[in-house]
Amino acid sequence: MTGLLDVRRATDRAITRAPWLESRHSFSFNDYYDPDNTHHGLLLVNNDDVVAPAAGFDTHPHRDAEIVTWVLSGALSHADSIGNTGVIHPGLAQRMSAGTGILHSECNESLSEPVHFIQMWIMPDAPGRTPGYQQQEIGAALTGGTLVPVASGNDPGAAISIGNAGATLYVARLQPGGSVELPDAPFAHLFVAAGQVELEGSGALATGDAVRFTGGGGHRITASQPAEVLVWAMDTGLRG
């Protein structure tokens, strides 16, 4: 195997807390800024958010970002300025392309239970795209214990498309003993959304841990308890 890997533990991540929100940031975000931790490859944001019942993010703007939201538990309602509405639940892939500018809100659909989700932002391969929205149910595909292409700019078999031909997001749900080989890409980002896995040659990774791969690899992970992992494979990094 070749390439470099950088393990980032859950306990090392910056946290934003409010009465209604706990948000853990993999990269610089809002008030947390570290000039040495702004992105990996094309991935700009990997926020692990828990939102209290009947609370959420009021209408706010975005521009020139491909925003993928993956719900782990609960339900998250979405509404935007180009007329899209929906409720995102576990197993539903969702993408919003901010493009030239879009307003949207995200709120916990439940009055009694929190919603837990991962929100990821990828830099588009060209600015000024037309704003857009897409969602697709893929829960059944995740039962096979393989890496499922969820969002991609180059894989026609992915559930949803994104506006960057150099990036693909995979998700796997693994039972104990289940194993997958990670994509061999110039840049890759592994995030353990739930459970625990063993990374070949590096040891245990628990919930909230992440690994940044540079220069390829194709490492294997094996679940030591039921686990859900999110993996970005990226052909290039940010330019300029």
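Draft legend 1. Inspection of the pairing of strand E9 (residues 92-97) at higher detail. A large share of E9 lies buried, amounting to 6 of its 6 residues. Of the two faces of E9, the one lined by Leu-92, Gln-94 and Met-96 and the one lined by Ala-93, Arg-95 and Ser-97 are each fully buried. Where strand E6 (residues 66-73) meets E9, 4 bridges bridge the pair, whose relative direction is antiparallel. Bridge pairing in E9 links Thr-69 to Gln-94. Of the strand pairs in this sheet, E9 and strand E12 (residues 132-137) are connected by 6 bridges, and their pairing is antiparallel. When the sheet's bridge partners are listed, Ser-97 is paired in E12 with Gly-132.

Draft legend 2. Fine view of empty space enclosed by the protein. In this structure the tally under the stated criterion is 1 cavity of 30 Å³ or more. By volume, the largest cavity amounts to about 50 Å³. Taken together, Leu-182, Pro-183, Asp-184, Ala-185, Ala-188, Phe-213, Gly-216, Gly-217, Gly-218 and His-219 form the lining of the largest cavity. For the lining of the largest cavity, a count of residues per class yields 5 nonpolar, 4 polar and 1 charged.

Draft legend 3. The arrangement of the side chain of Ser-97 in detail. Relative to the helices and strands, Ser-97 is located in strand E9. Assessed through its relative accessible area of 6%, Ser-97 is described here as buried. The residues contacting Ser-97, other than those within four sequence positions of it, are Ala-65, Glu-66, Ile-102, Pro-131 and Gly-132.

Draft legend 4. A look at the sheet that holds E12. One open sheet accounts for 7 strands, arranged E2-E3-E4-E11-E6-E9-E12; its pairing is antiparallel. The open sheet terminates on both sides in strands that have one partner only, identified here as strand E2 (14-18) and E12. Sheet twist, expressed as the mean angle between neighbouring strand axes with direction ignored, is 20 degrees. Judged from the 5 bridges that link them, strand E3 (residues 21-25) and strand E4 (residues 43-51) form a sheet pairing that is antiparallel. Each residue of the ladder has a partner; that of Leu-21, found in E4, is Val-51.

Draft legend 5. Representation of the packing of aromatic side chains within the structure. Scanning the entire structure with this criterion turns up 2 aromatic pairs. Seen in terms of ring centroids, Trp-20 and Phe-57 are 5.1 Å apart; in terms of plane orientation they differ by 80 degrees. Their pairing is edge-to-face. In this pair, Trp-20 is assigned in the loop between E2 and E3 and Phe-57 in strand E5 (residues 56-62), connecting sequence segments 37 residues apart. Its relative accessible area of 28% is what places Trp-20 among the partly exposed residues. Seen in terms of ring centroids, Phe-29 and Trp-121 are 5.6 Å apart; in terms of plane orientation they differ by 75 degrees. Their pairing is edge-to-face. Of this pair, Phe-29 sits in the loop between E3 and E4 while Trp-121 sits in strand E11 (residues 115-122), and the two are 92 residues apart along the sequence. Looking at Phe-29, the relative accessible area reads 18%, which means it is buried.

Draft legend 6. Geometry of the sheet that holds E5. Strand order in the open sheet formed by 4 strands is E5-E10-E7-E8, and the pairing between neighbours is antiparallel. What marks the edges here is a single partner per strand, and that holds for E5 and strand E8 (85-88). Strand-to-strand twist across the sheet, computed as the mean angle between neighbouring axes with direction ignored, equals 20 degrees.

Draft legend 7. Spotlight on unusual backbone geometry. In this structure, Asn-30 takes a positive phi of about 50 degrees despite not being glycine. As for its placement among the helices and strands, Asn-30 is situated in the loop between E3 and E4. Taking relative accessible area as the criterion, Asn-30 reaches 64% and is therefore assigned exposed. The residue Asp-64 is not glycine, and still its phi comes out positive at about 50 degrees. Exposure remark for Asp-64: the relative accessible area of 23% places this residue in the partly exposed category.

Draft legend 8. Structural view of the nonpolar core. If you look at the biggest cluster of nonpolar residues, it comprises 27 residues, and the most contacted ones within it are Trp-70, Met-120, Val-150, Leu-169, Leu-230 and Trp-232. When residues of this core are traced back to their parent elements, those giving at least two are E6, E11, strand E13 (148-152), strand E15 (167-174), strand E17 (187-199) and strand E20 (220-234). If sequence neighbours within four positions are ignored, Val-150 has contacts with Trp-70, Ala-93, Ile-138, Ala-158, Ala-159, Ile-160, Leu-169, Tyr-170 and Val-171. With 21 residues, the next largest nonpolar core counts Ala-172, Ala-188, Leu-199 and Val-211 among its residues.

Here is what the cut-offs are and how they apply
- Residues numbered from 1 in each chain as written.
- Predicted model: local features only at pLDDT ≥ 70, side-chain atom pairs only at ≥ 80, totals over all residues.
- Heavy atoms only, no water.
- Buried < 20%, exposed > 50% of the residue type's maximum accessible area, 1.4 Å probe, protein only.
- Helix = DSSP H or I, 4+ residues; strand = E, 2+ residues; numbered from the N terminus.
- Pairing = 2+ DSSP bridges.
- 1 Å grid on protein atoms, 1.4 Å probe; cavity = no way out; pocket = protein on both sides within 12 Å on 5 of 7 lines; lining within 4 Å.
- Points joined across faces, edges and corners; volume = space filled by probe spheres on them.
- Nonpolar A, V, L, I, M, F, W, Y, C, P; charged D, E, K, R; others polar.
- Contact = heavy atoms within 4.5 Å.
- Axes fitted to C-alpha atoms, helices over the stretch in contact; angles between N-to-C directions.
- Phe/Tyr/Trp six-rings, centres within 6.5 Å; stacked < 30°, edge-to-face > 60°.
- Core = buried A, V, L, I, M, F, W, Y, C linked by side-chain atoms within 4.5 Å.

Such coordinate-based values are descriptive only and should not be taken to indicate function.
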